[in-house]
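Below are the chains, spelled out letter by letter.
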Amino acid sequence: MSSLTAAPVLVLQHAEFEQPGVIARALELAGVPWESRIILDDVDPELPDVRELSGLVVLGGAPGALDDAAHPGLAAERRLLAAAVDADLPTLGVCLGMQLLAVALGAQSLPQHGQEIGFAPLKVHGDGIRDRLLYPLVVDAGADPDVLHWHDDAVDAPAGATVLASTDATPVQAFRLGSAVGLQFHLELDPPLLAAWLAHPEGGGSLPPQTVRAIASDGARLLPSLAPRAQMAFGTFAADARDRRG
């Protein structure tokens, strides 16, 4: 975590092992400070005004987007996400973070919509191909990129959003609305972070051993080329945050 505090990007995690990974590296390369917090179970968490931030990132996790009874901090996260979009703050939601972003913007949550776990192709649409964040995934690829999926829930796209990518099981895999981008899949993992996920009891420990082996094998094959492209993709978010800081 960066030790700087002036106009940082705030990263909201939902578990210690679900780190920002490649996102953090892109921010650091752009000279953008960041700090992380976990407020999942805080009834009344203290969060900064969005005017004090240069960006907002909300990562994945096990809860549902509306699981407020068990995890009261989720309501505060949704409020902060809505305020960030209203303020045109660079905002990125990943997996649960995308679901929270979509619900905060008025979309419907779709619990247990369809399980996707493992590396599999992502269908990037015409608007996604032209989107500056997703473009590094598809340029010169010649095929739909393989990315890591790890979710059961899904969301509809918020009103006015542009859907950028999908799979057969999940029609909204990525969307953009104003300053905000949501990614249902996990582009933030590099090989060390994937290994940490698979070794954690709440990560790989919750999966059948054959699934863990398949993810590890696919990760070893795919991440050496995917992680650098992901860093380019998140570099566009980092540049927006840097420009926001002025």
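You'll find the structure just up there.
Read on for an overview of the structure. Being a predicted model, the structure only gives us computed values, none of them experimental. (Residues numbered from 1 in each chain as written. Predicted model: local features only at pLDDT ≥ 70, side-chain atom pairs only at ≥ 80, totals over all residues. Heavy atoms only, no water.)

### Structural notes on the sheet that holds strand S3 (residues 55-58)
Pairing between the strands of a sheet comes from backbone hydrogen bonds, and it takes one of two forms, parallel or antiparallel. In spatial order, the strands read S2-S1-S3-S4-S12-S11-S10-S7; together these 8 strands make up an open sheet with mixed pairing. The open sheet is flanked by strand S2 (34-38) and strand S7 (123-124), the only strands paired with a single partner. Pairing analysis gives 4 bridges linking strand S4 (residues 91-94) to strand S12 (residues 180-183), with the strands arranged parallel. In the strand pairing of S12, threonine 91 is matched with alanine 180. Against the sheet, helix H1 (residues 22-29) touches strand S1 (9-13), S2, S3 and S4, its axis set at about 150 degrees to S2. (Pairing = 2+ DSSP bridges. Helix = DSSP H or I, 4+ residues; strand = E, 2+ residues; numbered from the N terminus. Contact = heavy atoms within 4.5 Å. Axes fitted to C-alpha atoms, helices over the stretch in contact; angles between N-to-C directions.)

### Comments concerning helix H3 (residues 96-104)
Of all 9 residues that make up H3, 8 are buried, and the element is covered over most of its length. Every buried residue of H3 is accounted for by Leu96, Gly97, Met98, Gln99, Leu100, Leu101, Ala102 and Val103. Phi for glycine 106, located one or two positions after H3, is positive at around 100 degrees. (Buried < 20%, exposed > 50% of the residue type's maximum accessible area, 1.4 Å probe, protein only.)

### A few points about the layout of surface pockets
Approximately 460 Å³ is the volume found for the largest pocket. Taken together, 24 residues line the largest pocket, and the ones lying closest to its centre are Glu18, Gly61, Ala62, Trp150 and Asp152. When grouped by side-chain class, the residues that make up the lining of the largest pocket number 9 nonpolar, 11 polar and 4 charged. (1 Å grid on protein atoms, 1.4 Å probe; cavity = no way out; pocket = protein on both sides within 12 Å on 5 of 7 lines; lining within 4 Å. Points joined across faces, edges and corners; volume = space filled by probe spheres on them. Nonpolar A, V, L, I, M, F, W, Y, C, P; charged D, E, K, R; others polar.)

### Considerations on a negative patch on the surface
On the surface, a cluster of negative charge is contributed by Asp41, Asp42, Asp44 and Glu46. The residue aspartate 44 is located in the loop between S2 and S3 in this model. (Patch = residues over 30% accessible without salt bridge, like charges linked within 9 Å, V, L, I, M, F, W, Y side chains within 5 Å. Areas by Shrake-Rupley, 256 points an atom, 1.4 Å probe, with all protein chains shown as cover. Salt bridge = Lys/Arg side-chain N within 4 Å of Asp/Glu carboxyl O. Lys, Arg positive; Asp, Glu negative; His and termini not counted. Charge placed at Lys NZ, Arg CZ, Asp CG, Glu CD.)

### Some details on the packing of helix H2 (residues 73-86) against H3
Interhelical geometry of H2 versus H3 gives an angle of 65 degrees and a closest axis separation of 8 Å. Judged by the angle between their axes, H2 and H3 are roughly perpendicular. In this structure, H2 crosses over H3, and the sense of that crossing is right-handed. Along the contact surface, H2 presents Leu74, Glu77, Arg78, Leu81, Ala82 and Val85, while H3 presents Gly97, Leu100, Leu101, Val103 and Ala104. Across the contact of H2 with H3, the residue classes tally to 8 nonpolar, 1 polar and 2 charged. (Parallel < 35°, antiparallel > 145°, perpendicular 65-115°, else oblique. Left-handed = near helix turned anticlockwise from the far one by under 90°.)

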